[in-house]
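Here are the chains, one letter per residue:
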Number of protein chains: 2
Amino acid sequence: MKIAVVENVLKLNDELAQQNRQLLKDAGVFSIDLMGSPGCGKTSLIERTLQHLRRHMKIGILVGDLTTQRDAQRMAEYTDQIVQINTGKGCHLDANQVRQGLDQLDLKNIDCLIIENVGNLICPVGFDLGQDVKVGMFSIAEGDDKAAKHPYIVHESSLLLLNKMDLLPYVNFSIPNFLEDINQLNSNVELIDISVSNRYQMHRWFEWICKQTFGRSEQNNESPVMNWCG
Amino acid sequence: MKIAVVENVLKLNDELAQQNRQLLKDAGVFSIDLMGSPGCGKTSLIERTLQHLRRHMKIGILVGDLTTQRDAQRMAEYTDQIVQINTGKGCHLDANQVRQGLDQLDLKNIDCLIIENVGNLICPVGFDLGQDVKVGMFSIAEGDDKAAKHPYIVHESSLLLLNKMDLLPYVNFSIPNFLEDINQLNSNVELIDISVSNRYQMHRWFEWICKQTFGRSEQNNESPVMNWCG
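Throughout what follows, the structure given in this document is the object of discussion. Predicted, not measured: the structure shown is a model, and the values here were computed from it. (Residues numbered from 1 in each chain as written. Chains lettered and ligands numbered in written order. Predicted model: local features only at pLDDT ≥ 70, side-chain atom pairs only at ≥ 80, totals over all residues. Heavy atoms only, no water.)

**With respect to the sheet that holds strand 6 (residues 159-163) of chain A**
All names here are of chain A.
Line of reasoning, step 1. Read across the sheet, 7 strands follow the order 3-2-4-1-5-6-7 without closing on themselves; strand pairing throughout is parallel. Each edge of the open sheet is held by one strand with a lone partner, namely strand 3 (82-86) and strand 7 (190-193). The average undirected angle you get between the axes of adjacent strands in this sheet is 20°.
Line of reasoning, step 2. When strand 5 (residues 133-139) meets strand 6, the two strands line up parallel, connected through 5 bridges. Bridge pairing in strand 6 links Val135 to Leu159. (Pairing = 2+ DSSP bridges. Helix = DSSP H or I, 4+ residues; strand = E, 2+ residues; numbered from the N terminus. Axes fitted to C-alpha atoms, helices over the stretch in contact; angles between N-to-C directions.)

Written out as structure tokens, the structure is:
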């Protein structure tokens, strides 16, 4: 009985995720499910992305947290297209919550939707939200063993970000060990090491997001935004 | 149907947790459920605790991770009384897993059991394992908003640890803001700010763990260990 119910919950989630995917595709929105531990820098990354790219693309945000409106308040300075989803004691976003969030956005006026999942390296990985890609985020401060200890996020992500490179001189973190674990788990995944706080390599993230948003459907590398990003 | 099943799962967990609690009480073991984000420093804290206290008390360890034996291997240098529990895709330990772990330990030769939960600020909070106390761990690197955004761990913990104080000069973290959030959520909880890596205030954690382990049942503050710890 237990297994049947869990399967039904996941099946229902997958059906709703497919509806979300179609809705986003029809509106021409490229969508990212951004996953990572509490404090790895997801909100700061989105703030900086909005600051930098908002003049070049229309970005919408869904942001998940157990409670508080703090993240949405931080980002609302840069966009009106933002919805905070409070999950209560829920440890991840699900497709139904995302659907309710999408209903509050003007999708026709969004190029790229970033869904900031609840801070958690585990539970968000297993739930399809209808996104185009999942992006996993780690931080130097978490230690170099986190990819090996959380393999599912490495398997499922199209891109991994390693944030807080500015802290590298102050913590015990072996870049070669971290890369070796990732290579063993998913040799195809792209990795960008960044520092949101001191802007190290942020241009590579901006290029990636531009390429994903505009490069896929149009196959037009001559668009002004692509030139600007690249 | 869904709610009934979830309730049954939790009810079963609570029954097993009560059995664990009785088992630990009968063996005279004080037990801690240590919870915190991936990379907040739980394993390093336990390593340092074993190094420092193993000559003064008998410490047993249960350590939960999705996969890998890395944490247990790190700690096995200091104790034979250690069991790694791999949860697969499970985002928290449950009472049944702890029971299976307890069966592999020699409880009569343990004063204090530390259960390192899976790295996750959310899911472990709701599952009773049969522990005496829950200890919540945050890190300076995670940002000062994490208590407010994860209130349940603050509600449920008897002690909070704020680790990585050595990184305070390099990150944006307001101690007063963090303390204000905690005070609003649980004005009774004790907080110790520490740095495992440079040993800042580790004596206060050692004192706390000694007091909890030996001070409760015996009401004997003159014991050699208490004198040594205090």
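**Some words on the sheet that holds strand 5 (residues 133-139) of chain B**
Residues and elements named next belong to chain B.
Line of reasoning, step 1. Pairing is parallel in the open sheet, where 7 strands are placed in the order 3-2-4-1-5-6-7. Of all the strands in the sheet, just strand 3 (82-86) and strand 7 (190-193) have a single pairing partner and so form its edges. Adjacent strand axes in the sheet meet at a mean angle of 20° when their direction is disregarded.
Line of reasoning, step 2. Direction of pairing for strand 2 (residues 59-65) relative to strand 3: parallel, over a ladder of 5 bridges. Bridge pairing links Leu62 to Val83 in strand 3.

**Description of the environment of Tyr78 of chain B**
Residue and element names in this part refer to chain B.
Line of reasoning, step 1. As for its position among the elements, Tyr78 is in the loop between helix 3 (70-75) and strand 3.
Line of reasoning, step 2. The exposure class of Tyr78 is buried, given its relative accessible area of 15%.
Line of reasoning, step 3. As a C-alpha pair, Tyr78 and Tyr170 span 92 residues in sequence and 32 Å in three-dimensional space.
Line of reasoning, step 4. The contacts of Tyr78, once residues within four sequence positions are left out, are Glu47, Leu50, Gln51 and Arg54.
Line of reasoning, step 5. Side-chain polar atoms of Tyr78 contact the side chain of Gln51, separated by 2.8 Å. (Buried < 20%, exposed > 50% of the residue type's maximum accessible area, 1.4 Å probe, protein only. Contact = heavy atoms within 4.5 Å. Polar contact = N/O pair within 3.5 Å; in protein donor to acceptor, adjacent residues only side chain to side chain.)

**So, the nonpolar core**
Line of reasoning, step 1. Within the largest apolar cluster, 44 residues are counted, with the highest numbers of intra-cluster contacts made by Phe138 of chain A together with Phe138 of chain B.
Line of reasoning, step 2. For this core, the elements supplying multiple residues, two or more each, are helix 6 (151-156), strand 6 and helix 7 (175-185) of chain A together with helix 6 (151-156), strand 6 (159-163) and helix 7 (175-185) of chain B.
Line of reasoning, step 3. Excluding residues within four positions of it along the chain, Phe138 of chain A makes contact with Cys40, Leu121, Lys146, Ala147, Ile153, Val154, Leu160, Leu161, Leu162, Asn163 and Phe178 of chain A. (Core = buried A, V, L, I, M, F, W, Y, C linked by side-chain atoms within 4.5 Å.)

These figures capture arrangement, not role.
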